[in-house]
Amino acid sequence: MKAVTASLAMTALASCTAPRGQEGSVVATFSIVAVDPDTGELGIAVQSKFIAVGAVVPWAKAGVGAVATQAWANTTYGPRTLEMLAKGETPEDVVRKLTESDRQADRRQVGIVSAKGESATFTGKACQPWAGGVKGENYCCQGNILAGEDVVQEMEKAFRDAEGELADRLLAALEAGQAAGGDRRGMQSAALLVVREGWGYGGLNDRFRDLRVDDHAEPIQELKRILKQHKKLFPRPNR
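Here's what I pulled together on the structure shown here. The residue count restarts for each chain, going from 1 along the sequence in the order it is written. Under the rules for a predicted model, residues below a pLDDT of 70 receive no local features and side-chain atom pairs below 80 are neither given nor counted, while totals for whole chains, interfaces and linings still include all residues. Hydrogen atoms and water are omitted, and side-chain values are computed over all heavy atoms in the structure.

### Considering the overall build of the protein
- Only DSSP runs of H or I reaching four residues or more are called helices, and only runs of E reaching two or more are called strands; each is numbered from the N terminus. Scanning the protein from N- to C-terminus turns up six helices and ten strands.
- Residue burial in the protein is summarised as follows: out of 239 residues, 52% are buried.
- Note on definitions: a residue-residue contact is assigned when non-hydrogen atoms from the two residues lie within 4.5 Å. Considering only contacts within the protein whose residues lie at least 6 apart along the sequence, 56% involve residues at least 24 apart. Relative accessible area decides the class of each residue, using a 1.4 Å probe on protein chains only: under 20% of the type maximum gives buried, over 50% gives exposed, and in between gives partly exposed.

Structure (structure tokens):
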């Protein structure tokens, strides 16, 4: 009996961790990447049953684009995407180049939005189900190890229906995704990143909202609470 238990434990562990020396733990999650065409703000919101998801998934640069890299996350996708977008390449072209040069592309998931509102979402064939995404002008939603396709569909609907600043609309999408079942393993961390040139601390960088909940029973609600406090201290500039 002990041998069987040990075997099952090893099987479960193998399904959650990457090959040693190659990658870290799988970042099973759901995210939305978007741009506000009226203000130029770019942002990402993400939730996962994974500690400190904000340290891995979101990347953005004002005037260029925003990226979410997840599943067996390749963190080089973030800076490489922003570099290619800055040179004028489209999100679809960027996805093609990233995945063609990546031997583990089947395990990757990425969502990209350019400052122009172009979008692309990619889900490798080996991502754990349910996995997939949806996209439209100015946004894309994606996730893996989800309760079902409804998660990304409800995120899309909530984002398109929501009003207010980009940060509020992104969190509305996260809430809708969680209400539809979210990450089927549960909740642990969430993050919000919104950038706009000159809107960062002291006007010296572009990181306007950079908020993270690294380990919490209800990370989306905690992130909403933190955003409310952040707005009080750092309201939107009148420009």
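### Notes on the packing of aromatic side chains
- The rule is short: rings of Phe, Tyr and Trp, with Trp giving its six-membered ring, pair when the centres are within 6.5 Å, and they are stacked under 30 degrees, edge-to-face over 60, tilted in between. Summed over all chains, the structure comprises three aromatic pairs.
- Taken together, a centroid distance of 5.0 Å and an interplanar angle of 75° make the contact between Trp199 and Phe208 edge-to-face. An identical accessibility class is assigned to Trp199 and Phe208; each is buried.
- Lying over the aromatic face of Trp72, Arg107 brings its terminal NZ or CZ to 5.0 Å of the ring centre.
- In this scheme, Lys NZ or Arg CZ marks a charge over a ring once it lies within 6 Å of the ring centre and within 35 degrees of the ring normal. Just above the ring of Phe159 sits the side chain of Arg169; from NZ or CZ to the centre is 4.2 Å.

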